[in-house]
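# Summary of structural features
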Amino acid sequence: SNKHKSKGGGGGSGSGSNTPRGSSPLNKTISPAEVVSPHTGPDAVVSIPATVRSLEADPAAYTPYLGSVVTDSNSNVDGGAEEEIVLDEFTDLNPYMDHGLHSDNAALRIVLERYDVAGVRDHITRLRSIFDGLIPNVTTLAEGEDAVGEEKKKTEENGKEGDYAENSAAEVDTVVATAEEGGEGDEKKEELKDVKEKQRAELLSKMPNFPLESTITVDGSNLADYFYLACGEEDDLDAVRGRERKASVAKASASREGRSADSNAAAAGEDAAAEAEAGRNAARRMVELESHCRVRCKIKFGGFHPPPAHRRIHGDLAYLEVTLPGASEDVVHVTAVPAGFYVNKTTIAPDGYSEPYVFDPRPADNACYSHELLDCLLQYSKSLRSAWADALECSKERAELTVSMATSETPVQSLYRVATRGDFGGALTAASSLQNIDALLIRPSWLVPVRGKSSTAGASDVRHEYNEGRADEDLASTFGLDVRGGALRDWNEELQTARELPKDTLQDRMERAKMVHKTLVDFGDAALVGAKAIVEGLIVPINPNEPARSHVYFHNNIFFSRAVDAGVDTFKISQGDRAARKAASRDANCVGLLHRFDIDGLHNLATVLVDYLGTRLVCQSIVPGILQGEKTHTLLCGSVEATQPLSWDEDMHKLLEENLGRGFMIATRPVPTLPLSDERMALIQELRAVSPGLSGVGLGSIYKEKKTEVIKPLTEVCGPVEAKGIRGSDQRNYILDLCRLTPRDANWVPESEGGTGRWEAVASTNQGNASAKTKKYVPESLGDEEHTMAVFRSELVTLLTHKEMAKYLAAKKKKESNEQGKKDGDSLKASGGDETDVKNKEDNDSTNKIDAENEEYLKSLRLNPNVFLPNIKSLEGIDDEAFKQIKKDEERVREAAAYLWGDVLPTLTLEIRENTGHILPVDGKTLCDTLHQRGVNCRYLGRLAALAIEEEAKDRKAEADFASGTAKSLPRRTMPLCWLELLECEMVARAAKHVLDSYLVENGNAAAAQPAQTVACFLSAILSTDEERAGETELRLKKSGAAEESEPTASVVDTLLGPTFQRSRAEIWDDIEREIGHRYRYVLTLYNTHQTSDRQNGEKTKSRAMYTPLLRRLCQRNGVRLVAKNYELGGKCLCSGRNSYPIATRDIAGILPLVKHAAAAAGGEGFHPASFDCNSGPTSLHVLLPDAKNLFDTAHAAWNQKALPQALDLFQEASSLFQRVVDTPLHATVAKCLEMSAAILFHAGEAEAAAANAARSLAVAVQLGGFDSADALNAHSTLSHILLSSNAAGPGIKHLRASLYLTELLAGPHNTDLATSYHKLGTMYHEVGSPINALRFYQEATARESADRLVSGMVAKSTALVLANIGQFKGALEMEKRAYNLYRSTLGEGHDLTKNSSNTLAQFTKIAVEQGTRKAKEEQKQKEEEAANAMANEVVAGEAAAAKKRQKKKKRKPKKN
């Protein structure tokens, strides 16, 4: 027990106190009785642990399940014995009900247990965490009752206030309704007008204001304010950055609204500002409290630990050194014994002594004994008592403040507060900047908050705390092993046992799914920790004498191997490291498919891939018996060694055919029993003779079987020929090396080897117009080792099967309907006229026949996954019938490839152009999801980009034809520019990952040991247009006023070993473009064009390269973390030598591993960043509970049918099932259920409940994917729509602007949703009477190009109306003319929109002419007045000159004598 009871602290300031806590509380006088628990001293009851005490119990009286029974005669008044049952932390109380636990006389008594060495370690670990900030927030248990009473009272008061608010709102609605009903009289009309004006003014006061000197645009390239803008907290951003809102919207429109409306609106605006400021003050106070809840007391095992043998027999368990808080930092030595802790007599050694301390473990005069180490130290140290009392008070205030902030803020605001806490004061340490935000997010953020947003701020500015406990934990790390648990966890046995649990009832299935999920989650975490230890060299391989590429590792019952070519001995089809790397990923995909299919009797291994610093590790559980020799397992099918024949087992083949064949449309076909070609076999024998060491050692070579029986020429196979079926020592059947479940893509097979020849046709068509870059970077041949792993996606096979079956059934139905009429007539005559009996009889007879025919045709659609494989022996001359079947299979695969090339890809391009279903992706992840849902592999990004270029060329030609009069109209929609930009961005990011991996592993992984310089130079080169010269670098540094400095560590390393990265920008881009040409057969048109702008039709246009989205995607694909600040992207770079620009080594906060779990949920991205310190994203795993999925699908069906109550119940039930399995709401499906529940409630009119669900969905999306995930963007949009529709304008606009920022950050400035969102904001401000802000938003919407000409026309028309309202008819005329031209060119002259625009244009023209005439008359009148005034001035001046002249003549006239 760890009870720390206090009678109140006398040290800290009270709750809500404004007293600064910067001063040390150590000078306060706190007595031990005020903070030390009275229950842990010498008089405390300390007993032997119950599990140990059971050793001396009477076997006859001891019940293992219920524990030991103790009798205490002293506790019974009558002298009789009282029964006491010993409980533990894991015991269910239900079995104790029969033993009197439910009786009135039953009571629970807490007894302190004795320590052992492990108990002391655990106790110290807990106390360290308490001192590190986990201070209890209550001092006595009685405080809970008072808190409950106060909370209840507050709830009742809030309820009354809510009732009053509802009544007030009802009164306003009554007034409005009455005014509308009696609208005949002028007084009621005026009253209605006043009410509406007041409502508009009140709504306007709650909306954000944008002064003219500030911009209304949300800058998607602003990374310094990333966390503020991604959450829509621009008000907090202004306060933190020292900016203030100049004037409210209500005050700006006082002349229009009147004084009463202005005062009400101003009051509402002041209330909102005060509420926001209170939230910021609470955040500042929370940061202060977090600092003061940490007690500066350091505990470590002393230099005399462990106790020597002669002291161990006296009961000494450990010797501790505790550094007490205070200026002097006194050190106290503590001895741990089974009964507790006491201060010993160890003292500082005198001068000349050989050791720093004189050892004496005996109790000191003031031993301060206590069962708890904390109470022992509190008795001893006055400074610790003061610090502890202050920390208790701060913790209590922190808990109260946390509750108040949780009730006043949305869930996502709580996450935002943690991310931005460094901007609200307090020392920013590495722990507070990284670990706090990583503890909240499942996927680590690629941007890390850093205090100070200047251009020189970096990761090196974050203070790294001195922590001896952290060093102890690192040295004692077991890399995922549970050394306290006894035997190692058998991951495979746990997984297979969980799969074999009963599935009869829903409860059984839930328990089974929960056990499977937990096992896979724990396996993923253990694999990640083990992979880190392997990369860091902390685990020795099991074959250390082999070459490094052949090393395999066995740690924590997990088998680790590198994804490289294992050598010539292992049976495989593909060759080379690139193909092996791809094969590992394909194998994980196939294992995931088998996991989701949940096939009984067919087992697969837990599999996780880890990419870290250029190395890909395959982490798998172990097949039982594999490591114990050949006698403990059996190879049922497939082959391990390259020269051995294929094995075959009838039961295993039947199992594969019934499950893989039927479920994945895999055809069973004969293959040669010795499948490798003669050329390949001869090469293997030659390599073995020359270099025996080339036959690598991997997982395959561990289990070898020699074949001595007679070899048949052919073996039937259902699946890939490389697959291996093994019966382990547990007698379970396992399937391994399932590298594909679909055939090779014939589009990526050379035409000379049977491919479709599509790429060769493209090359020949463009041969005359091919650029120099195309000839340089795009290879002429498809013959590449990695292309052997280019296979169809299973979604494409499903789509093609559905298409063929639908076509077959339609043709069959048509044929049967034609024959049915003739049959009915003949049967009717034969039966004597009973038409009903004839019909029923024929239906019954034909049912089985139809089903059999359909099943047979469906079986004929199965595909052979073993076609177009290299190094495979041909069946020609062995079995002619089988050879003919293989040719038919190849033709079927070519048809599927042609369907993908000629149907799926053009259809997808057309859907993007026409915006069918609103499927336009916003980032690379959603792009990949969109392609995968349609069965398109990411290797077709280049082909899709080429089709997009063709569509953009068609749009330019259509506009030119319309301008020249050749065409009479224009299509409504154009190809979105963001589509090509997104495709090229994703290609660059994906190719850059492979290039960076090659840089990190070259020269024996030299760069991976210190990757900061390599990564910084690499990113700087990609995100630039050219490289700086020496003079330009000096000029830049002089202009910025900064000196060229490098990291201290980097400068030392460069001095000793020289720079680790010496490539120029041109060399980096050359490698990237070569990789893009190889993988996607495409040449970039937007990136690396060696100029800051492109040229189209001879005109210079702005560059379309998206640098900020590319930076985000590069960091996500490579696990790079940057500090959140603005970078000068899209300019010149410095990427060679010791320093780099615009991204320096100090900007890199860390590099994370990328993890791919085979059991990940369908639709998730393959590799994702994971943190070594936190989990690897367990909630992304597939939940093996079909009931939950069925409920979710049924709910969607009910939603589509508008059955809202039923859909809501089903979504909530599905969400509950998912949460009960994963034990947390952080699951992607739970977020979808919350989002759909919000939509249903919104349609049902429950706006408040809908907003609450949408807010929770947003918080879950942020925690699952980060602040800038596509799901978070959609959640912001949904929440803003709900809030705006329910007149919550302020919060609604906040989330709408957050979605604007995220859209531009993810998809770039040309995304089509930006224009619509800005137009929506302008419309809102226009409706509430703020035309200036409305006009600014409309102008921004006009600047954003839309792919829909009608949307552009709508924006132009809205702009014209606002300009007309403020009297700017000339500008209104220009915008209305633009709208008219767009409507006329798209819809024609006869459309209503065109006619309406024409009428408005005529009115604006008339008014503009009148305004111009009136203005001309006024100008003419002004000119005439000016001319008259000028003439009058001339006359007056002339008269004055004449008078002056006359006066002078009069003076010169002589006087008469």
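Okay, so let's go over this structure. No experiment lies behind these values; they were computed from the predicted model shown.

## Notes on the packing of aromatic side chains
Enumeration according to the criterion identifies 24 aromatic pairs in this entry. Taken together, a centroid distance of 5.5 Å and an interplanar angle of 90 degrees make the contact between Phe 227 and Phe 1267 edge-to-face. With a gap of 1040 residues between them, Phe 227 in helix α6 (residues 226–231) and Phe 1267 in the loop between α39 (1247–1265) and α40 (1270–1285) connect regions that are remote in the sequence. Summarising the burial analysis for this pair, Phe 227 and Phe 1267 share the class buried. Between Phe 597 and Phe 664 the ring centres are 4.4 Å apart and the planes differ by 35 degrees, which places this aromatic pair in the tilted class. Note that Phe 597 is positioned in helix α19 (residues 577–597) and Phe 664 in helix α20 (residues 650–664), a separation of 67 residues in sequence. On the accessibility criterion, Phe 597 (42% relative accessible area) is partly exposed. By relative accessible area, which is 9% here, Phe 664 ends up buried. Here a set of aromatic residues connected by ring pairs shows up, and it is made of Phe 210, Tyr 1318, Tyr 1325 and Phe 1337. Sitting over the face of the ring of Tyr 1141, Arg 1036 holds its NZ or CZ atom 3.7 Å from the ring centroid. Across the ring face of Trp 1199, the terminal group of Lys 1202 is positioned such that the distance to the ring centre comes to 5.3 Å.

## Quick look at the sheet that holds strand β12 (residues 552–555)
The strand order β12-β13-β15-β14-β27-β28 describes an open sheet built from 6 strands, whose pairing is antiparallel. Whereas interior strands pair on both sides, the edge strands pair on one side only; in this sheet they are β12 and β28 (1168–1169). When strand β14 (residues 607–612) meets strand β27 (residues 1154–1157), the two strands line up antiparallel, connected through 4 bridges. By the bridge assignment, Val 608 is partnered in β27 with His 1157.

## With respect to the packing of helix α18 (residues 506–535) against helix α37 (residues 1204–1222)
Between α18 and α37, the least distance of the axes is 8 Å, while the angle of their chain directions is 50 degrees. The orientation of α18 with respect to α37, classified from their angle, is oblique. Contacts between α18 and α37 pair Gln 507, Met 510, Ala 513, Lys 514 and His 517 from the former with Leu 1217, Arg 1220, Val 1221 and Val 1222 from the latter. Looking at the contact of α18 with α37 residue by residue, the classes come out as 5 nonpolar, 2 polar and 2 charged.

## A short note on helix α38 (residues 1228–1243)
Between the first and last C-alpha of α38 there are 23 Å, a value that for 16 residues agrees with the 22 Å anticipated at 1.5 Å per step. The set of residues buried in α38 consists of Thr 1229, Val 1230, Ala 1231, Cys 1233, Leu 1234, Met 1236, Ser 1237, Ala 1238, Ile 1240 and Leu 1241. Buried residues along α38 sit against α36 (1186–1200), α37, α39 and α40. Of the residues one or two after α38, Gly 1245 is the one with positive phi, at around 90 degrees.

## A word on the pattern of salt bridges
Using the criterion set out here, one finds 72 salt bridges in the structure. A salt bridge links Asp 955 to Arg 913; the nearest nitrogen and oxygen atoms lie 2.6 Å apart. Here Arg 913 lies in helix α27 (residues 880–914) and Asp 955 lies in helix α29 (residues 941–964), a separation of 42 residues in the sequence. The burial state of Asp 955 is the same as that of Arg 913; both residues are buried. We note a salt bridge from Asp 1147 to Lys 1125, for which the minimum N-O separation is 2.7 Å. With Asp 1147 in the loop between β25 (1132–1133) and β26 (1148–1151) and Lys 1125 in the loop between β24 (1120–1123) and β25, this pair connects stretches of sequence that are 22 residues apart. Relative accessible area serves as the criterion here: at 1%, Asp 1147 is assigned to the buried category. Residue Lys 1125 is classed as buried on the basis of its relative accessible area of 2%. A cluster of three or more residues bridged by salt bridges with shared partners is formed by Arg 581, Asp 611, Arg 616, Lys 993 and Asp 997.

Reading the values: the criteria
- Residues numbered from 1 in each chain as written.
- Predicted model: local features only at pLDDT ≥ 70, side-chain atom pairs only at ≥ 80, totals over all residues.
- Heavy atoms only, no water.
- Phe/Tyr/Trp six-rings, centres within 6.5 Å; stacked < 30°, edge-to-face > 60°.
- Helix = DSSP H or I, 4+ residues; strand = E, 2+ residues; numbered from the N terminus.
- Buried < 20%, exposed > 50% of the residue type's maximum accessible area, 1.4 Å probe, protein only.
- Lys NZ or Arg CZ within 6 Å of the ring centre and 35° of its normal.
- Pairing = 2+ DSSP bridges.
- Axes fitted to C-alpha atoms, helices over the stretch in contact; angles between N-to-C directions.
- Parallel < 35°, antiparallel > 145°, perpendicular 65-115°, else oblique.
- Contact = heavy atoms within 4.5 Å.
- Nonpolar A, V, L, I, M, F, W, Y, C, P; charged D, E, K, R; others polar.
- Expected span 1.5 Å × (residues − 1).
- Salt bridge = Lys/Arg side-chain N within 4 Å of Asp/Glu carboxyl O.

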